[in-house]
Amino acid sequence: MFHIFKKAAQTHLVTIGYPHAPAQISESFRGAPSFDFPSWRDARPAADACPTGAIRIEESAGRRRVTMDYGLCIYCGQCSEADGTSAVKITRNFELGVRERSELIVTAEYPLEQDGSQGKLAGLNSGHASEGETKEHLERSVHSRIQQVLGRSLAIREVDAGSCNGCEMEIGALNSPVYDLERLGIHFVASPRHADMLLVTGPVTRNMELALLKTYRATPEPKMVVAVGACGISGGIFGLNYATIGGVDAVIPVDVFIPGCPPRPHALLHGILLALGRMEQRAI
Ligand code: SF4
């Protein structure tokens, strides 16, 4: 027993300070890729190398449209390696949770040069929803009412709708002494009937579609849904096929999307606190 107390005293505090202190991220951590669209001369190598189709190219009438969908990105870094210029870089950015799916999509337009490369950037759409839209205002006010009701404590029911368990590994880490989710008044519960939030992972498999819908209906109002990872957002590398029906929002309404494959525990914390209005959305 004395041995255990001695070891505990020597270990000191292991719990991170995030979100009250900046996250300590390892040097080798691979976060979201960043694109310098004005200086990007040729998107084809990166698009060809991308294993998930997150970078898409469409060409017509001498113009090229390049679309980057962070909801499909698995942060593999192959775009940066294939591009080989400073226009595409892998960053250590992980705070990518957003409230609208469209906010994860960036579109750039270029005129095409004779050699197939891109000319001067002609347009850039970051996908951010327009603040003036009535629908969004309505959703925001409903959201802030939910935040007032839920206050500063939160019960989460995790739903694996078909994930590979990568996201579950990271979610499990939230309960470890390092991330210690309960210090923020947030804990996991065993039943949707006791939950304020559903944390849903995986491309929704056809076998889990009804179960997910029933879980959503069993969760009392007001409730929030957070879609976790590339699969939860868009179906990821599985997409639409005989066994899966894509992202979580194909079945139930989603309040926050957390990109990553899998999102690291810091990213999960950011997304959960974003849903609660306790953290701000960062610009992609
Ligand atoms: S980091 Fe993302 S965009 Fe780049 S190749 Fe991998 S999946 Fe595609």
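Residues numbered from 1 in each chain as written. Predicted model: local features only at pLDDT ≥ 70, side-chain atom pairs only at ≥ 80, totals over all residues.

> Describe the pairing of strand β10 (residues 224-228), listing the residues and the values that go with them.
β10 sits mainly inside the fold: 5 of its 5 residues count as buried. The alternating pattern of β10 places M224, V226 and V228 on one face and V225 and A227 on the opposite face, and all of these are buried. Sheet topology places strand β9 (residues 197-201) next to β10; 5 bridges connect them, and they run parallel. In the sheet register, L198 faces β10, and the bridge partner there is V225. Bridging between β10 and strand β11 (residues 256-258) involves 3 bridges; their strand directions are parallel. When the bridges of β11 are listed, A227 appears paired with F257. Of the crossover connections in this fold, the one passing from β10 over helix α7 (residues 229-234) to the parallel β11 is right-handed. (Buried ≥ 20, exposed ≤ 12 C-beta atoms within 10 Å, placed from the backbone. Helix = DSSP H or I, 4+ residues; strand = E, 2+ residues; numbered from the N terminus. Pairing = 2+ DSSP bridges. Right-handed = clockwise from strand over helix to strand, strands pointing away.)

> Tell me about the sheet that holds β10, and name the residues and values.
Pairing is parallel in the open sheet, where 5 strands are placed in the order β8-β7-β9-β10-β11. The open sheet has two free edges, formed respectively by β8 (186-188) and β11, since each of these has just one partner strand. Pairs of neighbouring strands in the sheet enclose a mean axial angle of 25°, with direction left out of account. Its contacts with the sheet place helix α5 (residues 166-173) against β7 (154-160), β9 and β10, and it is angled at close to 140° to β9. (Axes fitted to C-alpha atoms, helices over the stretch in contact; angles between N-to-C directions. Contact = placed C-beta atoms within 7 Å.)

> Before we move on, can you summarise α5 with the specific residues and values?
Taken as a whole, α5 has its buried residues at C167, E170 and I171. Buried positions in α5, seen along its axis, are confined to an arc of 100° and lie on one side of it. Where α5 is buried, its residues touch β7, β9, β10, α7 and α8 (265-275). (Arc of directions from axis to C-beta.)

> I'd like a description of the site of the ligand, backed by residues and values.
Contacts to the ligand come from 13 residues, most closely from C50, A54, C73, C76 and C79. Taken together, the residues of the shell around the ligand break down into 10 nonpolar, 3 polar and no charged. (Near = placed C-beta within 6 Å. Nonpolar A, V, L, I, M, F, W, Y, C, P; charged D, E, K, R; others polar.)

> Tell me about the sheet that holds strand β3 (residues 63-69), and name the residues and values.
Reading across from one edge, β2-β3-β5-β6 is the order of the 4 strands in this open sheet, with antiparallel pairing throughout. The open sheet has two edge strands with one neighbour each: β2 (55-60) and β6 (123-125). Taken over all neighbouring pairs, the strand axes of this sheet differ in orientation by 15° on average, direction set aside. Judged from the 3 bridges that link them, strand β5 (residues 105-111) and β6 form a sheet pairing that is antiparallel. Looking across to β6, one finds that T107 is bridged to N125.

> Could you give an account of helix α1 (residues 2-11), naming the residues involved and the relevant values?
In an α-helix, one turn spans 3.6 residues; hence positions three or four apart end up facing the same way. With 0 of 10 residues buried, α1 lies mostly on the surface of the structure. H12 sits one or two residues past α1 and shows a positive phi near 65°.

> Talk me through unusual backbone geometry; I want residue IDs and the actual numbers.
Generally, phi is negative for residues other than glycine and the peptide bonds are trans, each holding for most cases. For the peptide bond that leads from E221 to P222, omega is -5°, which places it in the cis range. Cis peptide bonds are those with omega within 30 degrees of zero, and the linkage from C261 to P262 qualifies with -10°. Locating P262 in the fold gives a position in the loop between β11 and α8.

> Describe the nonpolar core, with residues and values.
Within the largest apolar cluster, 67 residues are counted, with the highest numbers of intra-cluster contacts made by M197, V200, V225, V226, A227 and V248. For this core, the leading source of residues is α8, giving 6 residues. Shared between two domains, this core holds at least three residues of each, these being domain 1 (33-94 + 103-125) and domain 2 (134-275). The residues contacting V200, other than those within four sequence positions of it, are V159, A161, L212, V225, V226, A227, V228, G232 and V248. (Core = buried A, V, L, I, M, F, W, Y, C linked by C-beta atoms within 7 Å. Domains from an automatic or database assignment.)

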